[in-house]
Amino acid sequence: MAHSAGEPMTVDEPISRHGRLRRIGLVEDHESVAVGLGAILADEADLELVSVTATVDELVELGEKLDLVVLDLRLGDGSSPRSNVEKLHALGVQVLVYTGAENPFLVRSAARAGVLGVVRKSEPAAAIVAAIDLDHVRDVGRAVGRVVGLALLLVAHVDGGG
């Protein structure tokens, strides 16, 4: 399964246990890590790794519609984690950090920028999959919260409270 940076990587079956295929982008400047994450996600029928680039700017230029971006903190272009996260958030994309975590300053910078979480590259493969699934659970939780809130407003209105 050889893939080069910037080349789309996909899974074979678009079947989702969550009801839809989730499109994932990866910003990682080390090919072996990108290939490894591609192999991990290939076993997940509801996750499709559609973009792999070495920089956030390259990912943005591709114009892919993504549900989540997995971001390495230390990139060869010298960009800062905070600016990278801000660029991705400006596109409406959530960010999960995947890092060696050798530099606490970079981890704190990304955390302050509002990433969903940080997964160390030394963790078992299941940890990154669980973190991506947790992102989905958060989305579902927010949606359920909005539905419950609307239902309470409707009940208040019907009961004469509104």
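What you see is a predicted model, and the numbers here were worked out from it, not measured in a lab.

Engineer: How should I be thinking about the sheet that holds strand 5 (residues 117-120) in this particular structure?
Structural biologist: Strand-to-strand pairing in sheets goes through backbone hydrogen bonds, with the strands running parallel or antiparallel. Spatially, 2-1-3-4-5 is the arrangement adopted by the 5 strands of the open sheet, whose pairing is parallel. Whereas interior strands pair on both sides, the edge strands pair on one side only; in this sheet they are strand 2 (47-53) and strand 5. For this sheet the average axis-to-axis angle between neighbouring strands, irrespective of direction, equals 25°. Bridge count between strand 4 (residues 94-99) and strand 5: 4 bridges; the pairing is parallel. Across the sheet, the residue bridging to Thr 99 is Arg 120, located in strand 5. Where helix 1 (residues 31-42) meets the sheet, its contacts fall on strand 1 (22-27), strand 2, strand 3 (68-71) and strand 4, and the angle it forms with strand 2 comes to roughly 170°.

Engineer: How should I be thinking about the confidence of the model for the chain in this particular structure?
Structural biologist: Low pLDDT means the predicted atomic positions in that stretch should not be read closely. Overall, the predicted model of the chain reaches an average pLDDT of 77, with 70% of residues at or above 70. Segment residues 1-18 is flagged for pLDDT under 50; beyond a separation of four residues in sequence, or across chains, it makes 40 contacts in the model. Scored below 50 in pLDDT, residues 136-155 makes 4 contacts in the model with residues more than four places away or belonging to other chains.

Engineer: I tried to follow the pattern of salt bridges on my own but got confused; where do I start?
Structural biologist: Opposite charge on two side chains allows them to pair when their charged atoms are near. Overall, the coordinates contain 6 salt bridges when judged by the stated rule. Of the charged contacts, one joins Asp 72 and Lys 121 as a salt bridge, the two residues approaching to 3.3 Å between their closest N and O atoms. In this pair, Asp 72 is assigned in the loop between strand 3 and helix 3 (81-90) and Lys 121 in the loop between strand 5 and helix 5 (125-158), connecting sequence segments 49 residues apart. When its relative accessible area of 25% is taken as the criterion, Lys 121 is described as partly exposed. One salt bridge in this structure joins Arg 82 and Glu 86, with 3.3 Å as the shortest N-O distance.

Engineer: Please clarify how the side chain of Asn 84 should be interpreted in this entry.
Structural biologist: Note that Asn 84 resides in helix 3. Residue contacts for Asn 84: discarding those within four places in its chain leaves Val 56, Leu 71, Leu 75 and Ser 79.

Engineer: What should I look at first to understand the side chain of Asp 72 in this one?
Structural biologist: With relative accessibility at 5%, the residue Asp 72 sits in the buried group. At 3.3 Å, the side chain of Asp 72 and the side chain of Lys 121 are in polar contact. In contact with Asp 72, other than residues within four places in its own chain, are Val 27, Glu 28, Asp 29, His 30, Tyr 98, Thr 99 and Lys 121.

Engineer: In this structure, what is going on with the environment of Leu 68? I would like to understand it.
Structural biologist: Among the secondary structure elements, Leu 68 is positioned in strand 3. Between the alpha carbons of Leu 68 and Gly 92 there is a distance of 9.3 Å; along the sequence they are 24 residues apart.

Rules and cut-offs
Residues numbered from 1 in each chain as written. Predicted model: local features only at pLDDT ≥ 70, side-chain atom pairs only at ≥ 80, totals over all residues. Heavy atoms only, no water. Pairing = 2+ DSSP bridges. Helix = DSSP H or I, 4+ residues; strand = E, 2+ residues; numbered from the N terminus. Axes fitted to C-alpha atoms, helices over the stretch in contact; angles between N-to-C directions. Contact = heavy atoms within 4.5 Å. pLDDT = per-residue confidence, 0-100. Salt bridge = Lys/Arg side-chain N within 4 Å of Asp/Glu carboxyl O. Buried < 20%, exposed > 50% of the residue type's maximum accessible area, 1.4 Å probe, protein only. Polar contact = N/O pair within 3.5 Å; in protein donor to acceptor, adjacent residues only side chain to side chain.

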